[in-house]
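Residues per chain are reported as follows:
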Amino acid sequence: RVDVVMHFINISFSTLSILGLYLLTQKLFNKKIALITTLLTLLNPFFFGHMGMNSKDIIKFFSLIWFCYYFYKYCLEDEKVFKNLLLSSIFIGFGCGVRLTFLVVIFPVVICGLFYLIKKYRSQYLNLTKRLLLHSSIALSITIFFVFLCWPHMIEEIKNNNFINFFSIIVKNTINWNDGPK
């Protein structure tokens, strides 16, 4: 039964990832390129292989695609800014809940988005700064909430006053490549 549930979860995240990839590519380019991109992704042996057995990488891909989609909409659209902020923050939190180094993966996307927003609001730096400070604190709060949600054992470490040691071990093990990937 556990295998059936795990496969269902992997297939669900894979399907939603492909849908997100299609929507993002369609927004960036056009429908034809979006179809080709999703087809090539589905036919890629790495993606196809991970669909059935590797839940962490599929969830990170899912989080990355949907974060990019909603962050792109956050940067471009002036309406529904909070909806796009909340959804992109949820996907950051979800990705970080699987692996903290997810922040490194989205870093270039965030930097490009910041450059775009600075250029877009060239004459309104003060308003942009206020907006980014408020939105960054909201995104950080949501991200931390989802990390705690994905790691419930972290609450016990906080109660035992062992959070700093626990968190440093998690970070060290996440970015330690001395023994190769884990």
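Calculation criteria
Residues numbered from 1 in each chain as written. Predicted model: local features only at pLDDT ≥ 70, side-chain atom pairs only at ≥ 80, totals over all residues. Heavy atoms only, no water. Axes fitted to C-alpha atoms, helices over the stretch in contact; angles between N-to-C directions. Helix = DSSP H or I, 4+ residues; strand = E, 2+ residues; numbered from the N terminus. Contact = heavy atoms within 4.5 Å. Nonpolar A, V, L, I, M, F, W, Y, C, P; charged D, E, K, R; others polar. Salt bridge = Lys/Arg side-chain N within 4 Å of Asp/Glu carboxyl O. Buried < 20%, exposed > 50% of the residue type's maximum accessible area, 1.4 Å probe, protein only. Patch = residues over 30% accessible without salt bridge, like charges linked within 9 Å, V, L, I, M, F, W, Y side chains within 5 Å. Areas by Shrake-Rupley, 256 points an atom, 1.4 Å probe, with all protein chains shown as cover. Core = buried A, V, L, I, M, F, W, Y, C linked by side-chain atoms within 4.5 Å.

### Considerations on the packing of helix α2 (residues 31-43) against helix α3 (residues 45-53)
For step 1, the next point in the chain: Packing of α2 against α3 leaves a shortest axis separation of 5 Å and a crossing angle of 65°. On α3, the residues touching Thr-41, Leu-42 and Leu-43 of α2 are Pro-45, Phe-47, Phe-48 and Met-51.
For step 2, the next point in the chain: When its residues are assigned to classes, the contact of α2 with α3 shows 6 nonpolar, 1 polar and no charged.

### Quick notes on the pattern of salt bridges
Where charged atoms of side chains with opposite charge meet at close range, the side chains can pair.
For step 1, the next point in the chain: A complete count under the given rule lists 2 salt bridges for this structure.
For step 2, the next point in the chain: For Asp-78, the salt bridge goes to Lys-120, with nearest N and O atoms at 3.1 Å. Here Lys-120 lies in helix α6 (residues 102-120) and Asp-78 lies in the loop between α4 (55-76) and α5 (81-98), a separation of 42 residues in the sequence.

### Some words on unusual backbone geometry
For step 1, the next point in the chain: Although it is not a glycine, Lys-80 sits at a positive phi angle of roughly 60°.
For step 2, the next point in the chain: Judged by its relative accessible area of 54%, Lys-80 falls in the exposed class.
For step 3, the next point in the chain: With a phi angle near 55°, Asn-161 is a residue other than glycine that sits in the positive phi range.
For step 4, the next point in the chain: Its location among the elements puts Asn-161 in the loop between α8 (153-159) and α9 (163-175).
For step 5, the next point in the chain: For Asn-161, a relative accessible area of 74% corresponds to the exposed category.

### A word on a nonpolar patch on the surface
For step 1, the next point in the chain: Taken together, Val-2, Val-5, Met-6, Phe-8 and Ile-9 make up a surface patch of nonpolar side chains, about 470 Å² in accessible area.
For step 2, the next point in the chain: Mapped onto the secondary structure, Ile-9 falls in helix α1 (residues 2-28).
For step 3, the next point in the chain: The partly exposed category is assigned to Ile-9, whose relative accessible area is 31%.

### Overview of the nonpolar core
For step 1, the next point in the chain: Counting residues in each nonpolar core, the largest one holds 35 residues, and the members touching the most others are Trp-66, Phe-67, Tyr-74, Phe-91, Cys-96, Leu-117 and Trp-151.
For step 2, the next point in the chain: Where this core is concerned, the elements lending two or more residues are α1, α3, α4, α5, α6, α7 (125-150) and α9.
For step 3, the next point in the chain: At 11 residues, α4 tops the list of elements feeding residues into this core.
For step 4, the next point in the chain: Sequence-distant contacts of Phe-91, defined by excluding residues within four places in its chain, comprise Phe-62, Ser-63, Trp-66, Phe-67, Tyr-70 and Phe-102.

### Some thoughts on the environment of Arg-131
For step 1, the next point in the chain: With respect to the helices, strands and loops of the structure, Arg-131 is situated in helix α7.
For step 2, the next point in the chain: The class for Arg-131 is buried, based on a relative accessible area of 15%.
For step 3, the next point in the chain: In this structure, Arg-131 is in contact with Tyr-74, Val-81, Leu-117 and Tyr-121, ignoring residues within four places of it in sequence.

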